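# Summary of the model geometry
Take a look at the letters that make up each chain.
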Amino acid sequence: MPCISLRKAVTFFVLFAAIFESSLASILAVDYGSDWIKASLMKPGVPFDVLLNKDSKRKIQSSVAWKKDERLFGSDAANIASRFPQDSFSSLKYLQGAPFNSDIVTYFTSISTAQISETDRKTVALKQSDGTEWSTEELVAMQLSYIKKLAEDLAGESVHEVILTVPPYFSQLERDSIADAIEIAGLRTLALVNDGTAVAVNYAMTRTFSTTPEYHVIYDAGASSTRATVVSFAAAEDPKTKASYTQINVLGVGYDRNTGGTELDLRLRDILIDSFMSKHRRDIRKDRRAMAKLWKEAGRVKAILSANSDATSTVESVAFDIDFKTKVTRSEFEDACKDLHSRFARPIYDALANAELSLTNISSVILTGGNSRTPMVQTAVKAAVGEDRIALNVNADESAVLGAALYGASLSRQFKTKDIRVTDVLIHDIQASYLASNPGARTIHTTVLPAGSRHGARKTLTFKRKEDFSVILNYPDEVMSGFPREILEAKIVGIPKAIDNLTERGALDPVIKATVVLSESGFVSVGDAIAYGEIKDDSITGKLKGLFGGGGDQVPLETDVDEGAPKDEKIEKDKKDKAKKPLGKDQNTIPLEVEIVYNSQGPLSLVAKRAARERLRALDNMEMSRQLREEAHNTLEGYLYKLRDLLDDGPETPFMKCSQSSERQTLSNKLLETIAWLHDERDTADTVQLWEKRSVLETLEKPIVHRYKEIESFPQALNNSQKWNWSTRLFLTQARENITADAIAGVPSKWTSQELDALEKALKEHESWLHDGVERQKRTKMNEDPAIETKDMQQRAKTLEQHLQRLVRRKVPKVKKTPAKPGDADGSSSTEPTQAPGDSDRQPGHDEL
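Described in the following lines is the structure provided in the data block. (Residues numbered from 1 in each chain as written. Predicted model: local features only at pLDDT ≥ 70, side-chain atom pairs only at ≥ 80, totals over all residues. Heavy atoms only, no water.)

## With respect to the overall build of the chain
Helix and strand counts for the chain stand at 20 helices and 30 strands. Put simply, the chain has 849 residues, and 46% of those count as buried. About 44500 Å² of surface is accessible on the chain, with carbon and sulfur atoms providing 51% of the total. (Helix = DSSP H or I, 4+ residues; strand = E, 2+ residues; numbered from the N terminus. Buried < 20%, exposed > 50% of the residue type's maximum accessible area, 1.4 Å probe, protein only. Areas by Shrake-Rupley, 256 points an atom, 1.4 Å probe, with all protein chains shown as cover.)

## Topic: the packing of helix α19 (residues 753–778) against helix α20 (residues 790–808)
Relative orientation of the contacting elements α19 and α20 amounts to 165°, with a least axis distance of 11 Å. Compared by their axis directions, α19 and α20 come out roughly antiparallel. As α19 runs across α20, the sense of the crossing is left-handed. Contact residues: Glu755, Leu756, Ala758, Leu759, Ala762, Leu763, His766, Trp769 and Leu770 in α19; Asp792, Met793, Arg796, Ala797, Leu800, His803, Leu804 and Leu807 in α20. Partitioning the contact of α19 with α20 into residue classes produces 12 nonpolar, 2 polar and 3 charged. (Axes fitted to C-alpha atoms, helices over the stretch in contact; angles between N-to-C directions. Parallel < 35°, antiparallel > 145°, perpendicular 65-115°, else oblique. Left-handed = near helix turned anticlockwise from the far one by under 90°. Contact = heavy atoms within 4.5 Å. Nonpolar A, V, L, I, M, F, W, Y, C, P; charged D, E, K, R; others polar.)

## Quick word on the environment of Gln86
Take Gln86: it is sitting in the loop between α2 (74–79) and β6 (88–90). The partly exposed category is assigned to Gln86, whose relative accessible area is 24%. Sequence spacing of Gln86 and Lys127 is 41 residues, and the spatial spacing of their C-alpha atoms is 7.5 Å. Setting aside residues up to four positions removed in sequence, Gln86 forms contacts with Thr113, Gln115, Lys127, Gln128, Ser129 and Arg288.

## Thoughts on helix α13 (residues 495–504)
Within α13, the full set of buried residues consists of Ile495, Ala498, Ile499 and Leu502. The arc enclosing the buried residues of α13, seen along the axis, measures out at 100°, which places them on a common side. Looking at α13, the residues exposed on the side facing more than 90 degrees away from the buried face are Lys497 and Glu504. Tucked into the core, α13 has its buried residues touching β23 (469–474), β24 (486–493), β25 (507–518), β26 (524–535) and β28 (589–597). (Arc of directions from axis to C-beta.)

## What about the nonpolar core?
General note: in soluble globular proteins, nonpolar side chains tend to be found buried as a group. In terms of nonpolar packing, the biggest core is built from 116 residues, with Val30 and Ile147 touching the most fellow members. The element best represented in this core is helix α4 (residues 136–155), accounting for 10 residues. The contact partners of Ile147, leaving out residues within four places of it in the chain, are Leu28, Val30, Ile37, Ala39, Leu51 and Ile60. Val328, Leu352, Ile362 and Ala380 belong to the second largest nonpolar core, which has 44 residues in total. (Core = buried A, V, L, I, M, F, W, Y, C linked by side-chain atoms within 4.5 Å.)

## Some thoughts on the packing of helix α17 (residues 661–680) against helix α18 (residues 687–745)
Where α17 meets α18, the axes come as close as 11 Å, and the angle between the chain directions of the two elements is 160°. Of the possible angle classes, the one that applies to α17 and α18 is roughly antiparallel. Along this stretch, α17 crosses α18, giving a crossing that reads as left-handed. Mapping the contact onto sequence places Glu663, Thr666, Leu667, Lys670, Leu671, Thr674, Trp677 and Leu678 in α17 and Gln689, Leu690, Lys693, Val696, Leu697, Leu700, Glu701, Ile704 and Arg707 in α18. Across the contact of α17 with α18, the residue classes break down as 9 nonpolar, 3 polar and 5 charged.

Dropping the structure here:
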């Protein structure tokens, strides 16, 4: 039994440690943009800030590239696009979840020099110059894995959970794509949060609000698109805990998926192309390197024109060995983009219309996103809302990622942050489609989640069915040209058997109920389905319940149950769905099986994700092996140069003085042999061989190095040993005097004569050993092994020191006072010494710890 109890205790401790460790896990927040990635790490004890890359930059370019066999990220990847245009991949956000034949893929090919191909899922893969293909999810996963490594280096531990920002207009296909990339990268999706909502959280973190709602517009001008989000901020009180919190409600969203900083870069690149062709009469549009160079130059010129009226563009050897130079004015640039002016402000009007508010209700328009700094964008927004409503009180680059991190922290109990509660909304209508039950039936479409439905909403559909059937969730309209409207198909099976069982129990007119769920991250699915029938109870108790309206936990039938009537249900985290009750507790319901089937462009299968993860893991391992080999090669090469210099130095160097001619000759021969081997096997030698070659040389050099290190450290070691000899000798003299004085005074002494004799014996042995070693060392030459090792000197001196300290630190024994005996004439008391620790008459069983 004791063994069993111990095993249980150990098991409990392990489980508790695992739970405690997971509760203190770090949370990674990522704002994944078309041009830039920003990240932040939430971890107890780590300052809350933006994550820096290896160059201490606060944002990372959204690029991944290959330079031959070397994989690069960030600015390193973007900078080589002009040299390796087919091996550098940027702006991958456009391709997330995009069908190969969609308009957005066509647009991507106009801004990118990458070569694309179609996958088996009819989505997009990108091809390297050597023919290697990578899916969009794999390339995005590589970038997320790179961010994960940066976060783990900062946290000093593994990072598993991530919260990532997405545009509010992202469809389920696009959200599935980024979720797949997160999983392939070895992370878990804590949540997806709309970027405008994340900025709102960041805005609210340092501000207080009244109970009267404040209305603001979050205007996000990014690289790939322009979004506007109308949000309300208000103070509220929890009815249960009476604690106050800030409530953020998203009321409306407007967007333009084709207007952003990338479109401005495209227009500016076209200006540069037209200028080159007009001067040199040659077409460079099919030259990938030239297009990559001009794309990079367009971004640089755009940044200059944001603060200046004109800019000079210069590109060396842009194509055909021609050095290109031209001047671009801001007016010329703005004229090329004049059709975009109204489109920059359109999302604000759309968001207000969806929120059913007017501009007079808005307190401010908060600008965020890198493109919001562009003068023409600011001019368009100011003209639309008035300059007095423009607010620049958040960091345009970092507010989204910091808000996402704070939102992620609010989902975890380990972080204590300001209590902010968020309600987000769906911006696309979602309908359910199914066949009517009668033969030759038509397809019925029912809107189950209209635009404006809150994230976390649940809708219940009720059907009169006796056979298995399917419900298809889809968008009534295209979310984007070329994107499929179908989201998923939910096959509800097991209906005939469930209906028969309910009928046998006495159920009247059983129906099927299916629950459509919209998650907090914007994913829609059919959560569960049940067969329900109200069972008539003919007993006296049942009749009394019916008479007084008692129905227990029965689910009420809906009035319109012909083909599918939606019904709202409030999510309660602490309350289980009634459809999931065991049959023993609710005889009116029987759970049904729901099989979710996605179309070919839906999320990756488990097998595909596993294969992608293994592929990336193999790539990581290969790169790690290559890195270790390069490190071993560089280390060996540097070591060879060092040995050559030591052997070539003059006779007065420590190495020459402490080495013998035979040793130097052996080392020199092996050095020349290794140099010749490295020259021949530079490209084929593996890591183990490189380290073995160095190990052989180190074995020959080690005795020489050891000699002059011993010579350097000998004086200090000798001084330390002599110091403790002197200290011990001084202590013995004083201690013996104290023993004599204590004996005369009749009081106990701290030490016994035997203890001092033992210490003196140890001292004499140490002095004798040290004297003998020093004399032998005097007769030893510099190029001979030392007669006495400093480590032995240090260890023996330490032993003597510890022996001495045990006696020095001993406390004076206490004197026990005894009361005066009745026969004492003077009434004085006598004293007796107490037993010192370690005396032989200590009571057994009472040893001190």
